[in-house]
Amino acid sequence: MRTARGAAVSRLLAVPALAVLLAGCGIRATEVPTNFGPAPSRVQCSLSEPDVSAQAARGLPVQVFLLCGSSLVTVDRTVRVPEGAADSERRLLVAQGLLDQLAAPPSTAEKEAGYSTDVRGGITVGKPRPGDPDDTLRLSTAPSGLTSYALAQIVCTFSDSAAAEGDGSVVLGGPGAESPRRYECTDEVRARPGSTEPPSKDVAGE
């Protein structure tokens, strides 16, 4: 009887001793089995196969910047430009086509890859006003009224297209009387469009 009772006491004393030993080794003792589950999935930010819906349309091949995770990434698109359009008209048509593509909902394949856009539909592009630089694009929504994501998408898309001069910048203005500004698409903007706005400067007198 005493032997059985002594064995039981020894087992009870061994439990806290084991817990102390595990704690000393940096291992946390637990009485409940722990199931961490599968590792969280990561956004791909790349299309696993060509986007057939985008390739089916005929037109001028272009690239637009969409959002994926916290950065900007390029996707292939096409815009329609009539043959024989003058250079100034062609720039406006390309710019409007790019805006429309940015505002369009991502395709099924793009959504599955994690792509999205912050550019809203209905924005139009107008020609320069007297006194504006020749390459100015006047938007129906003031650039200052856009979200940082949308502004970054538009600036980076325009500056890398036939809508701009090809120097990594684009001159944008709004519908009001304010002077247009030259915006740049930098590595920092592409990496952190939500917290880094495209650098800009007043172009009055250019």
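This structure is a prediction, so every number in the text was calculated from the model and none was measured. (Residues numbered from 1 in each chain as written. Predicted model: local features only at pLDDT ≥ 70, side-chain atom pairs only at ≥ 80, totals over all residues. Heavy atoms only, no water.)

J.: Can you tell me about helix α5 (residues 148-159), naming the residues and giving the values?
T.: Helix length check: α5 (twelve residues) gives 16 Å between terminal C-alpha atoms against 16 Å at 1.5 Å per residue, within 8%. When you tally the buried positions in α5, you get eleven out of twelve residues, the bulk of the element. Every buried residue belonging to α5 is among Ser 148, Ala 150, Leu 151, Ala 152, Gln 153, Ile 154, Val 155, Cys 156, Thr 157, Phe 158 and Ser 159, and all of these are buried. (Helix = DSSP H or I, 4+ residues; strand = E, 2+ residues; numbered from the N terminus. Expected span 1.5 Å × (residues − 1). Buried < 20%, exposed > 50% of the residue type's maximum accessible area, 1.4 Å probe, protein only.)

J.: Break down the environment of Arg 138 for me, citing the residues and quoting the values.
T.: On the accessibility criterion, Arg 138 (7% relative accessible area) is buried. Sequence spacing of Arg 138 and Gly 173 is 35 residues, and the spatial spacing of their C-alpha atoms is 4.5 Å. Within the local environment of Arg 138, its side chain forms a polar contact with the backbone oxygen of Gly 174, the two atoms lying 2.9 Å apart. A distance of 3.2 Å separates the side chain of Arg 138 from the backbone oxygen of Glu 178, its partner in a polar contact. (Polar contact = N/O pair within 3.5 Å; in protein donor to acceptor, adjacent residues only side chain to side chain.)

J.: Give a description of the environment of Tyr 115 that names residues and reports values.
T.: One can find Tyr 115 in strand β3 (residues 115-116). Accessibility expressed as a relative area gives 7% for Tyr 115, which makes it buried. Considering only alpha carbons, one finds Tyr 115 and Cys 68, 47 residues apart in sequence, at a separation of 4.8 Å. Within the structure, the side chain of Tyr 115 is placed 3.2 Å from the backbone oxygen of Cys 45, a separation counted as a polar contact.

J.: How would you sum up the state of the cysteines? Please name residues and give values.
T.: Per the stated rule, a full pass over the model turns up two disulfides. The disulfide bridge from Cys 45 ends at Cys 68, spanning 2.3 Å between sulfur atoms. Across the S-S bond of Cys 45 and Cys 68 the torsion is about -95°, and the bridge reads as left-handed. Pair noted here: Cys 45 is in the loop between α1 (2-24) and α2 (52-56) and Cys 68 is in strand β1 (residues 60-68), with a separation of 23 residues, a long-range link. Note on cysteine connectivity: Cys 156 is disulfide-linked to Cys 185, with sulfurs 2.1 Å apart. Across the S-S bond linking Cys 156 and Cys 185, the dihedral sits near 90°, which makes this disulfide right-handed. With Cys 156 in helix α5 and Cys 185 in the loop between β7 (181-184) and α6 (187-191), this residue pair connects regions lying 29 residues apart in the sequence. On the accessibility criterion, Cys 156 (1% relative accessible area) is buried. Note on Cys 185: relative accessible area 13%, which makes it buried. Once the disulfide-bonded cysteines of the protein chain are ranked by sequence position, their pairing pattern turns out to be 1-2, 3-4. (Disulfide = S-S within 2.5 Å.)

J.: Tell me about the sheet that holds strand β6 (residues 169-173), residues and numbers included.
T.: Strand order in the open sheet made by the five strands is β4-β5-β6-β7-β8, with mixed pairing throughout. Of all strands in the sheet, those bounded by a partner on one side alone are β4 (125-126) and β8 (200-202). Here β7 pairs with β8 via three bridges, running antiparallel. Within β8, the position partnered with Arg 181 by the bridge is Asp 202. With respect to the sheet, α5 is in contact with β4, β5 (136-139), β6 and β7, its orientation differing from that of β6 by roughly 125°. (Pairing = 2+ DSSP bridges. Contact = heavy atoms within 4.5 Å. Axes fitted to C-alpha atoms, helices over the stretch in contact; angles between N-to-C directions.)

J.: If you had to explain the side chain of Thr 117 to someone new, which residues and values would you point to?
T.: On the secondary structure map, Thr 117 appears in the loop between β3 and β4. Among the polar contacts listed, one links the side chain of Thr 117 to the backbone nitrogen of Val 119, at a separation of 3.3 Å. Engagement of the side chain of Thr 117 in a polar contact is seen with the side chain of Gln 153, the distance being 3.0 Å. If sequence neighbours within four positions are ignored, Thr 117 has contacts with Leu 66, Leu 67, Leu 102, Ala 104, Pro 106 and Gln 153.

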